[in-house]
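Analysis of the macromolecular model
Next come the chains, spelled out residue by residue.
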Amino acid sequence: MDNRAEFYEKLKKKLDESNIFPSEYLFKFIVSSHEEKIKQVEDLFDFKGAVITKTSSKTGKFTSVSIHVIMKEADDIIFIYKEAEKIEGIISL
């Protein structure tokens, strides 16, 4: 099993132990401040109910994107993280 698969397996276990689904979940990502990158993150949550907050870094080079959203189950959260990995230069917190 590779490190990513192991990481997501552990994450799923923690999410299932600490949440009763459906549950509100906070995603936090950091991307470069290019509109294209920010839009890619926002597009991951292209469904109703997501509250997205963006904060620029002091230098303006990076943007923190926080998303509060109701998730149905742990697998849905993991799916979002896996899709986010496809965005070049993204940091998931």
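Everything here concerns the structure above.
Figured I'd write up the structure that's included with this text.

**Here's the deal with the overall build of the protein chain**
Looking only at helices and strands, the protein chain has three helices and four strands in total. Listing each helix as α and each strand as β along the protein chain from the N terminus yields α-β-α-β-β-α-β. The C-alpha atoms of the protein chain give 14 Å as radius of gyration, which agrees with the globular expectation for 93 residues (12 Å, within 12%). Taking the principal axes of its C-alpha atoms as reference, the protein chain extends roughly 40 × 30 × 20 Å. Sorting the 93 residues of the protein chain into buried and exposed places 30% on the buried side. Long-range contacts, defined here as pairs at least 24 residues apart, represent 69% of the contacts in the protein chain between residues at least 6 apart. Here the protein chain has roughly 6,500 Å² of accessible surface; of this, 54% comes from carbon and sulfur atoms. For the protein chain, the centre of its 15 positive side-chain charges and the centre of its 17 negative side-chain charges are spaced 5 Å apart.

**Regarding the pairing of strand β2 (residues 51-56)**
In terms of strand pairing, β2 meets strand β3 (residues 62-71) through six bridges, oriented antiparallel. Each residue of the ladder has a partner; that of K54, found in β3, is V65. Taking the residues between adjacent antiparallel strands as the criterion, β2 and β3 are bridged by five residues, where G60 takes a positive phi near 80°.

**Some points on the side chain of T63**
Relative to the helices and strands, T63 resides in strand β3. Here T63 falls in the buried class, since its relative accessible area comes to 4%. Within the structure, T63 has its side chain in polar contact with the side chain of S33 (distance 2.8 Å). When residues no more than four places from it in sequence are discounted, the contact partners of T63 are F29, I30, V31, S32, S33, I38, K54, T55 and S56.

**Side note on the packing of helix α1 (residues 3-18) against helix α3 (residues 74-84)**
Two elements in contact, α1 and α3, have axes whose closest approach is 9 Å; the angle formed by their N-to-C orientations is 140°. Compared by their axis directions, α1 and α3 come out oblique. Where α1 crosses over α3, the handedness of that crossing is right-handed. Here α1 contributes Y8, L11, K12, L15 and D16 to the contact with α3, which in turn contributes A74, D75, I77, I78, Y81 and K82. Looking at the contact of α1 with α3 residue by residue, the classes come out as seven nonpolar, no polar and four charged.

Calculation notes
- Residues numbered from 1 in each chain as written.
- Predicted model: local features only at pLDDT ≥ 70, side-chain atom pairs only at ≥ 80, totals over all residues.
- Heavy atoms only, no water.
- Helix = DSSP H or I, 4+ residues; strand = E, 2+ residues; numbered from the N terminus.
- Rg over C-alpha atoms; globule rule 2.2 N^0.38 Å.
- Buried < 20%, exposed > 50% of the residue type's maximum accessible area, 1.4 Å probe, protein only.
- Contact = heavy atoms within 4.5 Å.
- Areas by Shrake-Rupley, 256 points an atom, 1.4 Å probe, with all protein chains shown as cover.
- Lys, Arg positive; Asp, Glu negative; His and termini not counted.
- Charge placed at Lys NZ, Arg CZ, Asp CG, Glu CD.
- Pairing = 2+ DSSP bridges.
- Polar contact = N/O pair within 3.5 Å; in protein donor to acceptor, adjacent residues only side chain to side chain.
- Axes fitted to C-alpha atoms, helices over the stretch in contact; angles between N-to-C directions.
- Parallel < 35°, antiparallel > 145°, perpendicular 65-115°, else oblique.
- Left-handed = near helix turned anticlockwise from the far one by under 90°.
- Nonpolar A, V, L, I, M, F, W, Y, C, P; charged D, E, K, R; others polar.

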